[in-house]
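# An overview of the molecular structure
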Amino acid sequence: QVQLVESGGGLVQAGASLRLSCAASGRTFSSSGMGWFRQAPGKERQFVAGITWSGGSTYYADSVKGRFTISRDNAKNTVALQMNSLKPEDTAVYYCAADAGRVYRTYVRIGTYEYDYWGQGTQVTVSS
């Protein structure tokens, strides 16, 4: 079992930066692929960024490529999402997600159904 707790959300102006963090508990974290997703009001949850168990591969949605960076620290059981040049359309609840682990995939998965554990979400609001 993995428990995920996000932090770092808030209200910022367009062009600002935020850093989201996800703290994970559970013995499978270091072998789990991790992802960040977001959900705006009235919209489906969508993939934002993902990272493989080793950190060797990352993948981003086109809408955030070049502005967001995902990273992980397996020694600290954390994954982060650095968000720069924020836009009003980035406003959403951001969720951290983990797969079940112990598979050691070398590619990032982007479907919500491909992740087994989810955090409670953290709100990011970007004003224009």
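Residues numbered from 1 in each chain as written. Predicted model: local features only at pLDDT ≥ 70, side-chain atom pairs only at ≥ 80, totals over all residues. Heavy atoms only, no water.

Here the focus is the sheet that holds strand β7 (residues 68–73). The 4 strands are arranged β1-β3-β8-β7 in an open sheet whose pairing can be described as antiparallel. Edge strands, defined here as strands with exactly one partner in the open sheet, are β1 (3–7) and β7. Looking at each pair of strands side by side, their axes are set apart by 15° on average, direction ignored. Looking at chain direction, β7 and strand β8 (residues 78–83) are connected through 6 bridges and run antiparallel. (Pairing = 2+ DSSP bridges. Helix = DSSP H or I, 4+ residues; strand = E, 2+ residues; numbered from the N terminus. Axes fitted to C-alpha atoms, helices over the stretch in contact; angles between N-to-C directions.)

Our next topic: unusual backbone geometry. Positive phi, close to 55°, is recorded for Asn77, a residue that is not glycine. With respect to the helices, strands and loops of the structure, Asn77 is situated in the loop between β7 and β8. You will see that Ser85, though not glycine, has its phi angle at about 50°, which is positive. Relative to the elements of secondary structure, Ser85 occurs in the loop between β8 and β9 (92–98).

What follows covers empty space enclosed by the protein. Following the criterion strictly, the structure yields 1 cavity of 30 Å³ or more and no others. The volume enclosed by the largest cavity comes to roughly 90 Å³. In terms of lining, the largest cavity is formed by 16 residues, of which the most central are Gly33, Asp99, Arg105, Tyr107 and Arg109. A class-by-class count of the residues in the lining of the largest cavity yields 8 nonpolar, 5 polar and 3 charged. (1 Å grid on protein atoms, 1.4 Å probe; cavity = no way out; pocket = protein on both sides within 12 Å on 5 of 7 lines; lining within 4 Å. Points joined across faces, edges and corners; volume = space filled by probe spheres on them. Nonpolar A, V, L, I, M, F, W, Y, C, P; charged D, E, K, R; others polar.)

Further remarks concern the pairing of strand β4 (residues 34–39). Taken residue by residue, a regular strand's side chains alternate between the two faces of the sheet. When you tally the buried positions in β4, you get 5 out of 6 residues, the bulk of the element. Pairing geometry for β4 and strand β5 (residues 46–51), over 5 bridges, is antiparallel. In the sheet register, Met34 faces β5, and the bridge partner there is Ile51. Sheet topology places β4 next to β9; 6 bridges connect them, and they run antiparallel. Counted as the bridge partner of Gln39 is Val93 from β9. (Buried < 20%, exposed > 50% of the residue type's maximum accessible area, 1.4 Å probe, protein only.)

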